[in-house]
Amino acid sequence: MENMDKKSAWDRFYSETSSRNPSFKNFEWFFGFDAVQDFIMPLLQTASPRSPVQVLDMGCGTSALGPSIYRDSALPVRVTCADISAVAVRLMQEHVQAEAVRPHNVSSQIEFLELDCTQLDRHYGPGSLDLIVDKGTTDALLRSKEGAEKAALVLKQCLKVLRSSGSLLQFSDEDPDARLVWLETAAQDGGLAAADVVVQEVRVLRGVCYYCYQVTAHHDVNE
C-alpha cells in the first residue's frame, strides 16, 4: 500500500474493504487484542487516580482493540478510537452500535473520532490522557515517502497530551536496533530528553517478531 501517510489512501482502503465484505469484519494490523492485552490492561491499573482512565487508540482503523479495552477493563475507562479516515470511524460507530458492546464497568465510555494524529493538541489539552496505544500507525508513517517528519511530530504530540508518567505504547515489527534509535533521537529533537523508552518482545507471528515500545515522558513538553 502506498501513501500510508495520506487521508485519501485510508479512506479508499476502508471503502474498498467494506465494499468487498457486505458484513462487517474487524481489520487487524499485525494482530488482535488477545496478543497485546497483557501489555495494555496492567497499565490501566497504575493510571492516575482520576476516573475514568483516559485512553486513546490512535489510528484505530477498524480494529477491535479500542472496543476490547472498553469491554474488558474492570476500571472505568473512557476510550477514544481515533482515525484520520472518516470511513473507518463511521464503520466502527455503526458496528459497535449494532453489536451493542457492553463494558465490564458500567461507568466506562467509548467514542469514535475523526482525528489527524499530528494535531492531537487541537483536541486534547496538555496532560489529559493516561494511555495512548499505537498499533502500526507510526510504522505506516515511517514507511511512507513523506512520513518520517509526520511520525516525529506524532511522537511529540503524544508526549504533550499524556499526563506525567502516562505511557505511549507502540506495537511494531521494527527491530529495536532501529526503532530505539529513532525514538530517542525524535524525542530529543522534540525537546523530550527526559523521555524513557522500554522495549519488550510481544510474539513471533508468521516468522516475524513483534515488539512493544513503551515511551514515557517525565517533564512538561513545550510546543
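As a reminder, the structure under discussion sits directly above these lines.
Conventions and cut-offs
Residues numbered from 1 in each chain as written. Predicted model: local features only at pLDDT ≥ 70, side-chain atom pairs only at ≥ 80, totals over all residues. Heavy atoms only, no water. Disulfide = S-S within 2.5 Å. Buried < 20%, exposed > 50% of the residue type's maximum accessible area, 1.4 Å probe, protein only. Core = buried A, V, L, I, M, F, W, Y, C linked by side-chain atoms within 4.5 Å. Helix = DSSP H or I, 4+ residues; strand = E, 2+ residues; numbered from the N terminus. Axes fitted to C-alpha atoms, helices over the stretch in contact; angles between N-to-C directions. Parallel < 35°, antiparallel > 145°, perpendicular 65-115°, else oblique. Left-handed = near helix turned anticlockwise from the far one by under 90°. Contact = heavy atoms within 4.5 Å. Nonpolar A, V, L, I, M, F, W, Y, C, P; charged D, E, K, R; others polar. Salt bridge = Lys/Arg side-chain N within 4 Å of Asp/Glu carboxyl O.

Undergrad: How should I be thinking about the state of the cysteines in this particular structure?
TA: Between two cysteines, a covalent bond joining their sulfur atoms is known as a disulfide. By the definition in use, this model includes zero disulfides. Note on Cys60: no disulfide assigned, nearest cysteine sulfur contributed by Cys81 at a separation of 5.1 Å. Classification of Cys60 by relative accessible area gives buried; the value is 4%. Considering cysteine sulfurs only, Cys212 is the nearest to Cys209, which forms no disulfide, with 12 Å between them.

Undergrad: For this particular structure, what's the right way to read the nonpolar core?
TA: A general feature of soluble globular proteins is that nonpolar side chains tend to end up buried together. Core analysis: the largest hydrophobic core is formed by 30 residues, its most contacted members being Ile40 and Phe171. Contributions of two or more residues to this core are made by α2 (33-45), β1 (53-58), α3 (65-72), β2 (77-83), α4 (86-99), β4 (129-135), β5 (162-172) and β7 (208-216). With eight residues, α2 is the largest single contributor of residues to this core.

Undergrad: Explanation requested: unusual backbone geometry in the structure shown.
TA: Negative phi is the rule for most residues except glycine; trans is the rule for most peptide bonds. At Phe30, a residue that is not glycine, the phi angle is positive and equals roughly 70 degrees. Assignment of secondary structure puts Phe30 in the loop between α1 (7-20) and α2. With a phi close to 50 degrees, Ala100 is a non-glycine residue in the positive phi region. Relative to the assigned elements, Ala100 resides in the loop between α4 and β3 (109-114). Accessibility expressed as a relative area gives 46% for Ala100, which makes it partly exposed.

Undergrad: Would you mind going over the packing of α2 against α3 with me for this structure?
TA: How two helices sit against one another is set out by the angle between their axes and by the gap between those axes. At a closest axis distance of 11 Å, the pairing of α2 and α3 adopts a crossing angle of 50 degrees. Between α2 and α3, the angle is such that the two are oblique. Of the two elements, α2 crosses α3, and the hand of that crossing is right-handed. In this structure, α2 uses Phe33, Val36, Gln37, Ile40, Met41 and Leu44 to contact α3, whose residues at the interface are Leu65, Ser68, Ile69, Arg71 and Asp72. Looking at the contact of α2 with α3 residue by residue, the class counts come to seven nonpolar, two polar and two charged.

Undergrad: Whenever I open this one, the side chain of Thr137 confuses me. Can you help?
TA: Note that Thr137 resides in helix α5 (residues 137-142). The contact partners of Thr137, leaving out residues within four places of it in the chain, are Met58, Gly59 and Cys117.

Undergrad: Is there a simple way to explain the pattern of salt bridges in this structure?
TA: Here the idea is simple: oppositely charged side chains can pair when their charged atoms come close. In this structure the tally under the stated criterion is 12 salt bridges. Where Asp11 meets Lys7, a salt bridge forms, and the shortest distance between an N and an O atom there is 3.3 Å. One end of the pair, Asp11, and the other, Lys7, are both in helix α1, four residues apart, so they sit about a helical turn from each other. With relative accessibility at 17%, the residue Asp11 sits in the buried group. The exposure class assigned to Lys7 is partly exposed, which follows from its relative accessible area of 32%. We note a salt bridge from Glu111 to Arg78, for which the minimum N-O separation is 3.3 Å. Of this pair, Glu111 sits in strand β3 while Arg78 sits in strand β2, and the two are 33 residues apart along the sequence. Residue Glu111 is classed as partly exposed on the basis of its relative accessible area, which comes to 21%. Given the relative accessible area of 26%, Arg78 is considered partly exposed. Here the salt bridges share partners, and the residues they tie into one network are Asp139, Arg143, Asp173, Glu174 and Arg179.

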